[in-house]
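Chain by chain, the residues:
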Amino acid sequence: MTLTVLVPDDFGVQALSRVDGVRAVRYEPGRPLPSEGRDAEVLIPRFLSGTDPREVFEQLPNLRLVQLLSAGAENFIGKVPDGVMLSTARGAHGGSTAEWAIGALIAIYRDFFVFERARAEGRWDYHGTDTLQDKKVLIVGAGDLGEQLKRRLEPFDATATLVGRTAREGVHGQDELPRLLPGFDAVVIFTPMTEETRHLVDAEFLAAMKDGAILVNGARGPVVDTGALLAELTSGRLRAALDVTDPEPLPADHPLWTAPGLFLTPHVAGSCTGSGQRAYAIAIAEISRFAAGEEPRNLVHGNY
């Protein structure tokens, strides 16, 4: 039996062609599906596609699995037809996103932007800076991204503490946040985007952070209340690094563009050399399990 998989790019077609029992069919997102792909049982949406997928689902009566190339599934939860499984690429982008968070923290602590402005102005602005060494970092989100960041922070002589939805060995529960937040120099947000986590970082959350602390959001924009964060940045009490925003992309006149103490990148933490290969490696492993009659390991159950 051959499993037909709809794939959004040539790289994926080539990668899946090496999997026994799989027929990869190329499709163009936003255009009519090819006739040879209408019996597909597996669909791979385009990476970080923001379009509503239900129009495609309606054309696939035999669909049984939606395999994402992203770790986040918020654009698909509640939209996948009943009886169709949804699997993520958890494990593909954790390393690069953790690397972005490390880079953002170092850039802020070591005043790289201050020095770059001085260079552009031809000024020799010698001064001492802060350091990542000995900092206490709270990571909210204890999945692949959180574990990857913890592993990378420790060689910098920083300490990392993980927070998950519920407490377990080595991980604090989310209900402990009010007690934990005042004791950390930086708080990194790596939670999934769900209704439960929408505005998790609100005015109360931010007010509990210590003066001078850094908020880092590498999750999704709506996890942070933008207005509450802007108030803290404008006052100068907190600093922040954002790879994601709410709204996204930012309108040209949005106040985040000129907010003080902010390091901002345009949702690129996972967009780097090899990201496609890593995402398809996970996708191929999941589809291979599915083709063999096994359950994929990254299935979404409920909101996770």
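Residues numbered from 1 in each chain as written. Predicted model: local features only at pLDDT ≥ 70, side-chain atom pairs only at ≥ 80, totals over all residues. Heavy atoms only, no water.

Undergrad: Whenever I open this one, the pairing of strand E9 (residues 186-189) confuses me. Can you help?
TA: Walk down a regular strand and you will see the side chains alternate between the two sheet faces. Here E9 shows a buried face lined by Ala186 and Val188 and a second buried face lined by Val187 and Ile189. The sheet contact formed by strand E6 (residues 136-140) and E9 spans four bridges and is parallel. Paired with valine 137 across the bridge in E9 is alanine 186. Regarding topology, helix H7 (residues 203-208) serves as the crossover connection from E9 to the parallel strand E10 (residues 214-217), and that connection is right-handed. (Buried < 20%, exposed > 50% of the residue type's maximum accessible area, 1.4 Å probe, protein only. Helix = DSSP H or I, 4+ residues; strand = E, 2+ residues; numbered from the N terminus. Pairing = 2+ DSSP bridges. Right-handed = clockwise from strand over helix to strand, strands pointing away.)

Undergrad: Is there a simple way to think about the environment of leucine 86 in this case?
TA: Within the element layout of this structure, leucine 86 appears in strand E5 (residues 85-87). A residue is classified by how much of its surface remains accessible, and leucine 86, at 7% relative accessible area, is buried. It is 22 Å that separates the C-alpha atoms of leucine 86 and serine 17, two residues lying 69 residues apart in sequence. When near neighbours in sequence (up to four residues on either side) are disregarded, leucine 86 contacts Leu65, Val66, Leu68, Ala73, Phe76, Ile77, Val80, Asn298, Leu299 and Val300. (Contact = heavy atoms within 4.5 Å.)

Undergrad: Please clarify how a nonpolar patch on the surface should be interpreted in this entry.
TA: Where nonpolar side chains cluster on the molecular surface, the patch consists of Phe112, Phe113 and Phe115 and spans about 270 Å² of accessible area. Note that phenylalanine 113 resides in helix H4 (residues 112-120). (Patch = residues over 30% accessible without salt bridge, like charges linked within 9 Å, V, L, I, M, F, W, Y side chains within 5 Å. Areas by Shrake-Rupley, 256 points an atom, 1.4 Å probe, with all protein chains shown as cover. Salt bridge = Lys/Arg side-chain N within 4 Å of Asp/Glu carboxyl O.)

Undergrad: Could you clarify how one ought to interpret the layout of surface pockets in this entry?
TA: Unfilled space is identified by rolling a water-sized probe across the atoms. In this structure, the largest pocket occupies an estimated 900 Å³ of space. Together, 43 residues line the largest pocket, and Ala71, Leu145, Phe190, Thr191 and Pro192 are the ones closest to its centre. Those elements that place two or more of their residues in the lining of the largest pocket are helix H5 (144-153) and strand E7 (159-164). Class assignment of the residues belonging to the lining of the largest pocket gives a composition of 17 nonpolar, 19 polar and seven charged. Split by domain, the lining of the largest pocket shows at least three residues from each of two domains, domain 1 (3-91 + 273-292) and domain 2 (94-264). The calculated volume of the second largest pocket comes to roughly 530 Å³. Taken together, 26 residues form the lining of the second largest pocket, with Glu74, Asn75, Met193, Arg220 and Pro222 sitting closest to its centre. Grouping the constituent residues of the lining of the second largest pocket by class yields 10 nonpolar, 10 polar and six charged. (1 Å grid on protein atoms, 1.4 Å probe; cavity = no way out; pocket = protein on both sides within 12 Å on 5 of 7 lines; lining within 4 Å. Points joined across faces, edges and corners; volume = space filled by probe spheres on them. Nonpolar A, V, L, I, M, F, W, Y, C, P; charged D, E, K, R; others polar. Domains from an automatic or database assignment.)

Undergrad: What's the story with the sheet that holds strand E2 (residues 22-26) in this structure? I'm lost.
TA: Strand pairing in a sheet relies on backbone hydrogen bonds, with the paired strands running either antiparallel or parallel. As summarised here, the arrangement of the five strands in space is E2-E1-E3-E4-E5, forming an open sheet in which the pairing is parallel. Here the strands that pair on one side only, and so sit at the sheet edges, are E2 and E5. Of the strand pairs in this sheet, strand E1 (residues 3-7) and strand E3 (residues 42-43) are connected by two bridges, and their pairing is parallel. Opposite leucine 6, over in E3, you have leucine 43 as the bridge partner.

Undergrad: What is the right way to read the domain arrangement of the protein chain from this model?
TA: When the parts of a complex come together, some accessible area is lost, and that lost area is often used as the size of the interface. Domain parsing of the protein chain yields domain 1 (3-91 + 273-292) and domain 2 (94-264). In this structure, domain 1 and domain 2 have C-alpha centres spaced 32 Å apart.

Undergrad: Help me understand the pattern of salt bridges in this model?
TA: Opposite charge on two side chains makes pairing possible when the charged atoms of those side chains draw close. Under the definition given, this model contains 15 salt bridges. A salt bridge links arginine 26 to aspartate 10; the shortest N-O distance between them is 2.9 Å. Residue arginine 26 is located in strand E2, and its partner aspartate 10 is located in helix H1 (residues 10-16); the two are separated by 16 residues in the primary sequence. Notably, a salt bridge pairs arginine 123 with glutamate 121, separated by 2.7 Å at the nearest N-O pair. Under the relative-accessibility criterion, arginine 123 is labelled partly exposed at 41%. Three or more residues joined by partner-sharing salt bridges are found here, namely Asp10, Arg26 and Glu28.

Undergrad: Help me out: how do you make sense of the nonpolar core in this one?
TA: Counting 30 residues, the largest nonpolar core has Leu138, Val187, Ile189, Phe205, Met209 and Leu215 as its most contacted members. Elements with a contribution of two residues or more to this core: E6, helix H6 (177-180), E9, H7, helix H8 (226-235) and strand E11 (239-242). The element that contributes the greatest number of residues to this core is H8, accounting for four residues. Counting residues in hydrophobic clusters, the runner-up holds 28 residues, among them Ile102, Ala104, Val137 and Ala269. (Core = buried A, V, L, I, M, F, W, Y, C linked by side-chain atoms within 4.5 Å.)

Undergrad: How do you make sense of the packing of aromatic side chains when you look at a structure like this?
TA: Two aromatic rings are characterised by how far apart their centres lie and by the angle between their planes. On inspection of all chains with the given rule, the structure shows three aromatic pairs. Between phenylalanine 113 and phenylalanine 263, the ring centres sit 5.1 Å apart and the planes meet at 35°, which makes this aromatic pair tilted. Placement of the pair is phenylalanine 113 in helix H4 and phenylalanine 263 in strand E12 (residues 262-264), with a sequence separation of 150 residues. Note on phenylalanine 113: relative accessible area 35%, which makes it partly exposed. Chaining the aromatic ring pairs together yields one cluster made of Trp100, Phe113 and Phe263. (Phe/Tyr/Trp six-rings, centres within 6.5 Å; stacked < 30°, edge-to-face > 60°.)

Undergrad: Would you explain unusual backbone geometry in this entry?
TA: Where the residue is not glycine, phi is negative for most of them; where a peptide bond is considered, it is trans in most cases. Cis geometry is found at the peptide bond from aspartate 246 to proline 247, where omega equals 10°. Backbone torsion omega between glutamate 248 and proline 249 reads -5°, so that peptide bond is classified as cis. Here proline 249 shows up in the loop between E11 and E12.

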